[in-house]
There are 2 protein chains.
Amino acid sequence: MPQIPPPRADTELTPSDHVVLGMISLGASTGYAIKQTVERSIRFFWTISQAQIYPSLQRLEQVGLIRGRDAPRGRRPRREFALTRAGRAALVEWMRADEEIPFELRDTGMLKLFFADTLAPDDAAALLERVRERSAGRLRALRAIEPEAQRAAQGGNLHPLLTLEMGMSFTQAMVDVCESFAERLAAGAR
Amino acid sequence: MPQIPPPRADTELTPSDHVVLGMISLGASTGYAIKQTVERSIRFFWTISQAQIYPSLQRLEQVGLIRGRDAPRGRRPRREFALTRAGRAALVEWMRADEEIPFELRDTGMLKLFFADTLAPDDAAALLERVRERSAGRLRALRAIEPEAQRAAQGGNLHPLLTLEMGMSFTQAMVDVCESFAERLAAGAR
DNA sequence: GAAAACATGTAAGTAGTTACATGATTCG
DNA sequence: CGAATCATGTAACTACTTACATGTTTTC
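Everything quoted here is computed from the prediction, not taken from an experiment. Residue positions within a chain follow its written sequence, with the count starting from 1. Whichever chain is written first is A, and whichever ligand is written first is 1; the rest continue in order. Local features in this predicted model are restricted to residues of pLDDT 70 or higher, and side-chain atom pairs are both shown and tallied only at a pLDDT of 80 or more, whereas totals for entire chains, interfaces and linings draw on every residue. Water and hydrogen atoms play no part in the side-chain values, which are based on all heavy atoms of the structure.

### Looking at a negative patch on the surface
Thinking step 1. Residues qualify for a patch when their relative accessible area is over 30% and they have no salt bridge, like charges being joined within 9 Å and the nonpolar side chains of Val, Leu, Ile, Met, Phe, Trp and Tyr within 5 Å. Reported accessibility uses the Shrake-Rupley method at a 1.4 Å probe radius. Residues are deemed covered only where the shown protein chains occlude them. For this document, the term salt bridge refers to a Lys or Arg side-chain nitrogen within 4 Å of an Asp or Glu carboxyl oxygen. The charged-residue count follows a simple rule in which Lys and Arg add positive charge and Asp and Glu add negative charge, with His and chain termini not counted at all. Where a charge lies is defined by one atom per residue type, namely NZ (Lys), CZ (Arg), CG (Asp) and CD (Glu). A cluster of like negative charges, contributed by E12, D98, E99 and E100 of chain A, occupies part of the molecular surface.
Thinking step 2. Its place among the elements puts E12 of chain A in the segment before α1 (15-25). What counts as a helix is a DSSP run of H or I of at least four residues, what counts as a strand is a run of E of at least two, and both are numbered from the N terminus.

Pasting the structure below:
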């Protein structure tokens, strides 16, 4: 007996559609601005390519969640979008929805480390150090955007700072485990 | 001037191919066993579907990195694989390679939280609690596999325990940030 | 005797990427 | 005046997923 066909209806939005909706709600009114804002703010836990954004804007406008108007700068074409009432409702509904909240991690560093017992001790130690340094670098990148999140928090937008703190804690935890393990390996080698 | 064309050569392996290679090196000799092992050990930072595994095994055998032999159980067909010398070298080379180590996180929870300033305070608090509970649940799942990693470490396979500790630490970090933020929000509401 | 686990494979579809394609405006 | 930034869009491709398809052996 055939299974029920994939339930993704035509009106259902992808996570990326919700990112577009959310970024417009924060004032990023053009496709270009959405991409910039994503890179400055949520890039460390969500990415979206330009090639997704423009079709998404078209879809969202078609289903009435956003409204676009031409707003050229000089003779350079440009289109500004704003949420409709339905769009704001859809965004809120998505955040309130009582469904499972996906979390996907794909970390080549952890993958390599997992298999590292096959490696010569020096190579394993070098890999561990490379993974530590990578995390340390990401931590520096997050610290660089912290002032902006602090400013937003002062202005009443608290949650970007929350996610940033989460990212920093998360990354710091990876650095810490790398360091404590490196010490243990060094102690074990003696 | 045209860009350099995509450098992925025919002989280059995908990350998933390396997972297959690595799992075989740890003694998972059939496609089925590889899938089981992935689910028990690295699922929280890497997934691979059955539909990827069997074609990958075929590719890896074609390029001489693994060798398969029929090993049926009764009349149920079954194929066992082992690394060739070239296969072991390729695995080690991949871990030693001095290239950037990709890290990809896609967290719908952080995404929703990022936009949560639009939400009514109660709804934002409820979302934060749902994200906290999700992380707490993942932490329990990781603790459940800890004994197995401990046993592997006793047997000289230290690195599975390293990656597990990393996972537990960063998951705990997310729980902690959720809790501290919930307190701050509650204090701010008073 | 039924359900769970073992075991392998493929077809069709989805979500996402990179690269191509084009051009205007601003800044140094 | 050249480079960086602003701005929009699409074509081709890749990786990955779900579901289909099938059958055996073990466990309760």
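### A closer look at α1 of chain A
All names here are of chain A.
Thinking step 1. Each residue is placed in one exposure class: buried if its accessible area under a 1.4 Å probe, protein chains only, is under 20% of its type's maximum, exposed if it is over 50%, and partly exposed if it falls in between. Burial runs high along α1: 10 of the 11 residues are buried.
Thinking step 2. Listed as buried for α1 are S16, D17, H18, V19, V20, L21, G22, M23, I24 and S25.
Thinking step 3. G27 lies just past α1 and shows a positive phi near 105 degrees.

### Here's the deal with the interface of chain B and chain A
Thinking step 1. Whether two residues are in contact is decided by their heavy atoms, any of which lying within 4.5 Å being enough. Taken together, the 68 residues of chain B in the interface contact 67 residues of chain A.
Thinking step 2. Accessible area, probed at 1.4 Å, shrinks when two parts are joined; the buried area is that loss added up over both. Summing both sides of the interface, chain B and chain A together bury roughly 7200 Å²; the carbon and sulfur share of this comes to 71%.
Thinking step 3. Remark: the boundary between chain B and chain A carries four salt bridges.
Thinking step 4. For D123 of chain B, the salt bridge goes to R96 of chain A, with nearest N and O atoms at 2.9 Å.
Thinking step 5. Contacts described as polar in this section are N or O atom pairs within 3.5 Å, which, within protein, must combine one atom able to donate a hydrogen with one able to accept it, while residues neighboring in sequence count only if both atoms come from side chains. Between the two partners, chain B and chain A, sit 22 residue pairs in polar contact (both at pLDDT 80 or more).
Thinking step 6. Where the side of chain B that touches chain A is concerned, the elements lending two or more residues are α1 (15-25), α4 (85-96), β3 (103-107), α5 (108-114), α6 (121-154) and α7 (159-189) of chain B.
Thinking step 7. Looking at the side of chain B that touches chain A residue by residue, the classes come out as 38 nonpolar, 15 polar and 15 charged.
Thinking step 8. Whether two strands pair depends on DSSP finding at least two bridges between them. In this structure, strand β3 (residues 103-107) of chain A lies alongside β3 of chain B, joined through five bridges in antiparallel fashion. Residue pairing across strands places F103 of chain A opposite D107 of chain B, the latter belonging to β3 of chain B. Throughout, the ten residues Ala, Val, Leu, Ile, Met, Phe, Trp, Tyr, Cys and Pro are labelled nonpolar, Asp, Glu, Lys and Arg are labelled charged, and all others, Gly among them, are labelled polar.

### With respect to the protein's contact with DNA strand C
Thinking step 1. If you check the shell around DNA strand C, you find 22 residues, and the closest are Q52, R75 and R76 of chain A together with R78 and R106 of chain B.
Thinking step 2. Among the atoms of DNA strand C close to the protein, meaning within 4 Å, 66% are from sugar or phosphate groups.
Thinking step 3. In the environment of DNA strand C, a sugar or linking oxygen lies 2.7 Å from a nitrogen or oxygen atom belonging to the side chain of R76 of chain A.
Thinking step 4. In the environment of DNA strand C, a phosphate oxygen lies 2.5 Å from a nitrogen or oxygen atom belonging to the side chain of R106 of chain B.
Thinking step 5. Counting only elements with at least two residues in the surface near DNA strand C, the list comes to α3 (50-62) of chain A together with α2 (31-41) and α3 (50-62) of chain B.
Thinking step 6. Counting residues per element, the surface near DNA strand C draws most heavily on α3 of chain B, which supplies three residues.
Thinking step 7. Of the residues that constitute the surface near DNA strand C, the class distribution is five nonpolar, nine polar and eight charged. When at least one non-hydrogen atom of a residue lies within 4 Å of a molecule or strand, that residue is treated as near it.

### A short note on the packing of α1 of chain B against α2 of chain B
Residue and element names in this part refer to chain B.
Thinking step 1. Helix axes are fitted to C-alpha atoms over the stretch in contact, other axes to C-alpha atoms as well, and angles between N-to-C directions run from 0 to 180 degrees. Viewed as axis vectors pointing N to C, α1 and α2 meet at an angle of 95 degrees, and their least axial separation amounts to 10 Å. Put simply, α1 runs roughly perpendicular to α2. Contacts between α1 and α2 pair V19, V20, M23 and I24 from the former with I34, T37, V38 and S41 from the latter.
Thinking step 2. Its residues assigned to classes, the contact of α1 with α2 shows six nonpolar, two polar and no charged. In this scheme, roughly parallel covers angles under 35 degrees and roughly antiparallel covers those over 145, while 65 to 115 is roughly perpendicular and the rest are oblique.

### Some details on the side chain of R134 of chain A
Thinking step 1. As for its position among the elements, R134 of chain A is in helix α6 (residues 121-154).
Thinking step 2. A distance of 3.4 Å separates a polar atom in the side chain of R134 of chain A from the backbone oxygen of P102 of chain B.
Thinking step 3. Those residues in contact with R134 of chain A that sit more than four places away from it in its chain are D107, G109 and M174 of chain A together with I101, P102 and F103 of chain B.

### Regarding the confidence of the model for chain A
Thinking step 1. When pLDDT is averaged across chain A, the result is 93; 94% of the residues are at 70 or more.
Thinking step 2. pLDDT is a per-residue confidence score from the predictor, ranging from 0 to 100. Contacts of residues 1-8 of chain A to residues separated by more than four positions or lying in other chains number three contacts, the stretch itself having pLDDT below 50.

### What to know about the side chain of S25 of chain B
Thinking step 1. Following the sequence through the fold, S25 of chain B ends up in helix α1.
Thinking step 2. If we skip the residues at most four places from it in the chain, S25 of chain B touches T118 of chain A together with L83, R88 and L91 of chain B.

### With respect to the relation of the copies chain B and chain A
Copies of the same chain, two in number, are related to each other by a rotation about an axis and a translation along it.
Thinking step 1. With an RMSD of 0.1 Å, the operation that places chain B on chain A is a rotation of 180 degrees combined with a shift of 0.0 Å along the axis. In short, the pair behaves as if placed about a two-fold rotation axis. Only residues with pLDDT of at least 70 in both copies count here: their C-alpha atoms drive the least-squares fit that superposes the copies.

### Comments concerning the pattern of salt bridges
Thinking step 1. Applying the stated criterion to the full structure yields 34 salt bridges over all chains.
Thinking step 2. Note that D107 of chain B and R134 of chain B form a salt bridge whose closest N and O atoms lie 2.8 Å from each other. One end of the pair, D107 of chain B, is in strand β3; the other, R134 of chain B, is in helix α6, and 27 residues separate them in sequence.
Thinking step 3. Taking relative accessible area as the criterion, D107 of chain B reaches 0% and is therefore assigned buried.
Thinking step 4. With its nearest N and O atoms 3.7 Å apart, the salt bridge here joins R132 of chain B to E179 of chain B. With R132 of chain B in helix α6 and E179 of chain B in helix α7, this residue pair connects regions lying 47 residues apart in the sequence.
Thinking step 5. The buried category is assigned to R132 of chain B, whose relative accessible area is 18%.
Thinking step 6. Where salt bridges share partners, they join E129, R132, E133, R140 and E179 of chain A into one cluster.

### Digging into the protein's contact with DNA strand D
Thinking step 1. Not every one of the 22 residues close to DNA strand D is listed here, only the nearest: R78 and R106 of chain A together with Q52, R75 and R76 of chain B.
Thinking step 2. When the atoms of DNA strand D within 4 Å of the protein are sorted by group, sugar and phosphate make up 67%.
Thinking step 3. Q52 of chain B is positioned with one of its side-chain polar atoms (N or O) 2.9 Å from a phosphate oxygen of DNA strand D.
Thinking step 4. R76 of chain B places a polar side-chain atom, nitrogen or oxygen, 2.8 Å from a sugar or linking oxygen of DNA strand D.

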